[in-house]
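Observations on chain architecture
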Amino acid sequence: MSSSKMYQSACKAARSLLASSSSSSSRSAVLADGRNAALATLTNLGRTRIPAAYSSYHTNAGANANAAAARGYGWIAGIPAAAYMLQDQEVHAAELERTFIAIKPDGVQRGLISEIVSRFERKGFKLVAIKLVVPSKEFAQKHYHDLKERPFFSGLCDFLSSGPVLAMVWEGEGVIKYGRKMIGATDPAKSEPGTIRGDLAVVVGRNIIHGSDGPETAKDEIALWFTPKELVSYTSNEEKWVYGVN
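Described below are features of the structure shown in this document. Because the structure is predicted, anything quoted here is derived from the model rather than measured. (Residues numbered from 1 in each chain as written. Predicted model: local features only at pLDDT ≥ 70, side-chain atom pairs only at ≥ 80, totals over all residues. Heavy atoms only, no water.)

Concerning the overall build of the protein
Helix and strand content of the protein: 12 helices and four strands. Taken across its 246 residues, the protein has 39% of its residues classed as buried. Taking all contacts inside the protein whose residues are at least 6 apart in sequence as the whole, residues at least 24 apart take part in 77%. (Helix = DSSP H or I, 4+ residues; strand = E, 2+ residues; numbered from the N terminus. Buried < 20%, exposed > 50% of the residue type's maximum accessible area, 1.4 Å probe, protein only. Contact = heavy atoms within 4.5 Å.)

In structure tokens, the structure reads:
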């Protein structure tokens, strides 16, 4: 069973156990699912046994909890906490988003790739796609299609297609909005110190980086620059330290 399916099964089983009656007959009906939920939860959290902190947690505390443990059902104590941890992770997963970031030809030629990539990494965002390409002018026109009525449109497309572009997709909580903050204003002269453009660029015509300005734009730009197979989904070992999911 895949980790995502196991996760969904664990969520369903754990919630079923929590919603069930406290009667022995109802407990018996969900006992097997409950145990699977506990084991799946612990596996998902990288653990092999119920944390000691939850060993005394039970809906009917005290003597009933001790009796459950004596009957070999002590693992039930972890189910309520496990369910809530699963719910927290489900909410957290729903908040993660992806954005398109591109280092333009000037940024690549100036050797700023590692500087820019490291800023996103140090922030805690996760790289899920990357490639170095030289886009055609026709492709650049598709990328800047929303600016085609502007007088600088042709020059903008000429520049984007003038050399290698490092195309990337970054994932994280609030990555679209905060990614724009990290990049800075379109005009480097108006960008705050500490932003990428504020620190590394001087004029608007050579502002070294592009970032999606909203969810719909991010979705369209990612689809334009990458195929679904080029996008990687994985769990980073750093996520528990970035988001507090332990």
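Comments concerning the nonpolar core
Core analysis: the biggest nonpolar cluster contains 21 residues, and Ile 116, Phe 120, Trp 170, Ile 208 and Ile 209 have the highest contact counts within it. Per-element tally for this core: the top contributor is helix α9 (residues 175–183), with four residues. Grouped together as the second largest cluster of nonpolar side chains are 16 residues, Cys 157, Val 165, Ala 167 and Ile 222 included. (Core = buried A, V, L, I, M, F, W, Y, C linked by side-chain atoms within 4.5 Å.)

Re α9
What sets the pattern is the α-helix's 3.6 residues per turn: residues three or four places apart point alike. Listing the buried residues of α9 in full gives Val 175, Ile 176, Gly 179, Met 182 and Ile 183. For α9, the buried positions fall inside an angular range of 120° around the axis, keeping them on one side. Summarising the contacts, the buried residues of α9 are in contact with β1 (96–103), α6 (113–123), β3 (165–173), α10 (196–200), β4 (209–211) and α11 (215–225). The first or second residue beyond α9 is Gly 184, which carries a positive phi of 100°. (Arc of directions from axis to C-beta.)

Some words on the sheet that holds β3
Sheet architecture is open: four strands sit in the order β2-β3-β1-β4, paired in antiparallel fashion. Sheet topology places β2 (126–133) and β4 at the edges, where each strand pairs with a single neighbour. Each adjacent strand pair in this sheet contributes to an overall mean axis angle of 20°, direction not counted. With three bridges joining them, β1 and β4 adopt antiparallel strand pairing. When the bridges of β4 are listed, Ile 103 appears paired with Ile 209. (Pairing = 2+ DSSP bridges. Axes fitted to C-alpha atoms, helices over the stretch in contact; angles between N-to-C directions.)

Describing the packing of α6 against α9
Running from N to C, α6 and α9 point in directions that differ by 135°, and their axes come no closer than 12 Å. As summarised for this structure, α6 and α9 are arranged oblique, according to the angle between their axes. The way α6 lies across α9 gives a crossing that is right-handed. Seen from α6, the contacting residues are Arg 119, Phe 120 and Lys 123; seen from α9, they are Tyr 178, Gly 179 and Met 182. Among the residues forming the contact of α6 with α9, the class breakdown is three nonpolar, one polar and two charged. (Parallel < 35°, antiparallel > 145°, perpendicular 65-115°, else oblique. Left-handed = near helix turned anticlockwise from the far one by under 90°. Nonpolar A, V, L, I, M, F, W, Y, C, P; charged D, E, K, R; others polar.)

Notes on the environment of Thr 227
Relative to the elements of secondary structure, Thr 227 occurs in the loop between α11 and α12 (239–243). Taking relative accessible area as the criterion, Thr 227 reaches 40% and is therefore assigned partly exposed. A sequence separation of 98 residues divides Thr 227 from Ala 129, and the C-alpha atoms of the two residues are 10.0 Å apart.

Comments concerning the packing of aromatic side chains
Enumeration according to the criterion identifies four aromatic pairs in this entry. Ring centres of Phe 120 and Phe 125 lie 6.4 Å apart, and the angle between their planes is 45°; on these two criteria the pair is classed as tilted. Measuring from ring centre to ring centre gives 5.2 Å for Phe 120 and Trp 170, while their planes differ by 25°; the resulting arrangement is stacked. With Phe 120 in helix α6 and Trp 170 in strand β3, the pair connects residues that are 50 residues apart, well separated along the chain. Taken individually, Phe 120 and Trp 170 each receive the classification buried, so the pair is uniform in this respect. (Phe/Tyr/Trp six-rings, centres within 6.5 Å; stacked < 30°, edge-to-face > 60°.)

Focus: the side chain of Thr 99
If you trace the backbone, Thr 99 turns up in strand β1. Sequence-distant contacts of Thr 99, defined by excluding residues within four places in its chain, comprise Met 168, Val 169, Trp 170, Val 175, Ile 176, Ser 212, Ala 218 and Ile 222.

Points about the pattern of salt bridges
All told, the structure shown has seven salt bridges when counted by the stated rule. Residues Glu 239 and Lys 126 are paired through a salt bridge, measuring 2.7 Å at the closest nitrogen-oxygen approach. You can see Glu 239 sitting in helix α12 and its partner Lys 126 sitting in strand β2, a full 113 residues away along the chain. In this structure, Glu 239 and Lys 126 share a single accessibility class: buried. Note that Glu 230 and Lys 131 form a salt bridge whose closest N and O atoms lie 3.2 Å from each other. Linking Glu 230 in the loop between α11 and α12 with Lys 131 in strand β2, this pair joins segments that are 99 residues apart in sequence. Look at Glu 230 and you get partly exposed, because its relative accessible area is 32%. (Salt bridge = Lys/Arg side-chain N within 4 Å of Asp/Glu carboxyl O.)

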